[in-house]
Amino acid sequence: MSMEDIRTVAGLVKKAKIALLTTRTTEGKLVSRPLAVQEVEFDGDLWFFSKDPSHKTEQISRDPQVNVAMQAGMTDYVSISGHAEVMHDRSRVDEYWSPAVEAFFPDGKDDPELSLVVVHADTAEYWKSDDPTVVTMFKLAKSSVTGEHPDAGTNKTLDL
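Not measured: the values here are computed from a predicted model.

### With respect to the overall build of the protein
Scanning the protein from terminus to terminus reveals five helices and seven strands. When the helices and strands of the protein are read in sequence order from the N terminus, they spell out α-β-β-β-α-β-β-α-α-β-α-β. Each principal axis of the C-alpha distribution contributes one length, and for the protein these read about 55 × 35 × 30 Å. Every one of the 160 residues in the protein was classed for burial, and the buried ones make up 37%. Contacts spanning at least 24 positions in sequence make up 68% of the contacts within the protein whose residues lie at least 6 apart. When the accessible surface of the protein is totalled, it reaches about 9,300 Å², and 54% of it is carbon and sulfur. Computing the positive centroid from 17 side-chain charges and the negative centroid from 27, the protein places the two 4 Å apart.

Have a look at this one:
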């Protein structure tokens, strides 16, 4: 793992707007739900606003192992595995608060159900195209005709 790989993951996280957070139910089933990616510099932690109590916060309390999947643009993706915790940190709420968050919490920062979910990353896997989207799409289309494996970019897994 290089600093360039870490910068790549951070850049993909920064480009992503929505993430799918996956947790495990009491029956052991995996369930994902969309959450807004907070505009925070990725340093190994991902932050999301959540209601607490909720199914996701109960699942995290019981089993903190989670996965976060994100699409960053048309052809780039990142999947981050780690452990999550539910926090009620007023300074973080103040730091990350935005009008978009307020739409989900009409009582504002004083909403009694307001919490943050922080995911501490253990590993990240990313898929990144080094070409413009139209070139990547052409390569994928060509591979479906020729049967050859497309050179669609870089795929790496990192231990964080």
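### What about the pattern of salt bridges?
Under the counting rule described, the total for this entry stands at nine salt bridges. Between Lys 156 and Asp 5 there is a salt bridge; the shortest N-O distance is 3.2 Å. With Lys 156 in strand E7 (residues 154-159) and Asp 5 in helix H1 (residues 3-15), this pair connects stretches of sequence that are 151 residues apart. By relative accessible area, which is 34% here, Lys 156 ends up partly exposed.

### Describing the packing of aromatic side chains
The description of two aromatic rings rests on the distance between their centres and on the angle between their planes. A complete count under the given rule lists two aromatic pairs for this structure. For the pair Trp 47 and Tyr 96, a centre-to-centre distance of 5.5 Å together with 55° between the ring planes defines the contact as tilted. Of this pair, Trp 47 sits in strand E3 (residues 45-51) while Tyr 96 sits in helix H3 (residues 90-96); the two residues are 49 residues apart in sequence, bridging distant segments of the chain. Accessibility classification places Trp 47 together with Tyr 96 in one group, the buried group. When the centroid spacing of 5.8 Å and the interplanar angle of 85° are considered together, the rings of Phe 49 and Trp 97 count as edge-to-face. Within this pair, whereas Phe 49 is found in strand E3, its partner Trp 97 is found in the loop between H3 and helix H4 (99-102), the two being separated by 48 residues in sequence.

### A few points about the nonpolar core
Judged by nonpolar contacts, the single largest core of 26 residues is most densely connected at Val 9, Val 13, Leu 46, Phe 48, Met 70, Ile 80 and Val 119. Breaking this core down by element, the ones donating at least two residues are H1, strand E1 (18-24), E3, strand E4 (65-71), strand E5 (77-87) and strand E6 (114-128). Among the elements that take part in this core, E6 stands out by supplying five residues, more than any other. With near-sequence residues (within four places) excluded, Ile 80 lies in contact with Val 9, Val 13, Phe 42, Leu 46, Val 66, Asn 67, Val 68, Met 70, Ala 121, Thr 123 and Ala 124. Within the second largest apolar cluster, 10 residues are counted, among which are Trp 97, Val 101, Phe 105 and Val 118.

### A word on the side chain of Lys 56
As for its placement among the helices and strands, Lys 56 is situated in helix H2 (residues 55-62). Despite its burial, Lys 56 remains without a salt bridge, the nearest opposite charge being carried by Asp 52 at 8.9 Å. With near-sequence residues (within four places) excluded, Lys 56 lies in contact with Leu 21, Arg 33, Leu 35 and Ser 50.

### A look at H2
Inspection of H2 places Lys 56, Thr 57, Gln 59 and Ile 60 among the buried residues, and these make up the whole buried set. Buried residues of H2, viewed axially, fall in a sector of 160°; they line one side. The outward face of H2, more than 90 degrees from its buried face, is lined by the exposed residues His 55 and Ser 61. Those residues of H2 that are buried lie in contact with E1, strand E2 (30-36), E3, E4, E5 and E6.

Rules behind the numbers
- Residues numbered from 1 in each chain as written.
- Predicted model: local features only at pLDDT ≥ 70, side-chain atom pairs only at ≥ 80, totals over all residues.
- Heavy atoms only, no water.
- Helix = DSSP H or I, 4+ residues; strand = E, 2+ residues; numbered from the N terminus.
- Buried < 20%, exposed > 50% of the residue type's maximum accessible area, 1.4 Å probe, protein only.
- Contact = heavy atoms within 4.5 Å.
- Areas by Shrake-Rupley, 256 points an atom, 1.4 Å probe, with all protein chains shown as cover.
- Lys, Arg positive; Asp, Glu negative; His and termini not counted.
- Charge placed at Lys NZ, Arg CZ, Asp CG, Glu CD.
- Salt bridge = Lys/Arg side-chain N within 4 Å of Asp/Glu carboxyl O.
- Phe/Tyr/Trp six-rings, centres within 6.5 Å; stacked < 30°, edge-to-face > 60°.
- Core = buried A, V, L, I, M, F, W, Y, C linked by side-chain atoms within 4.5 Å.
- Arc of directions from axis to C-beta.

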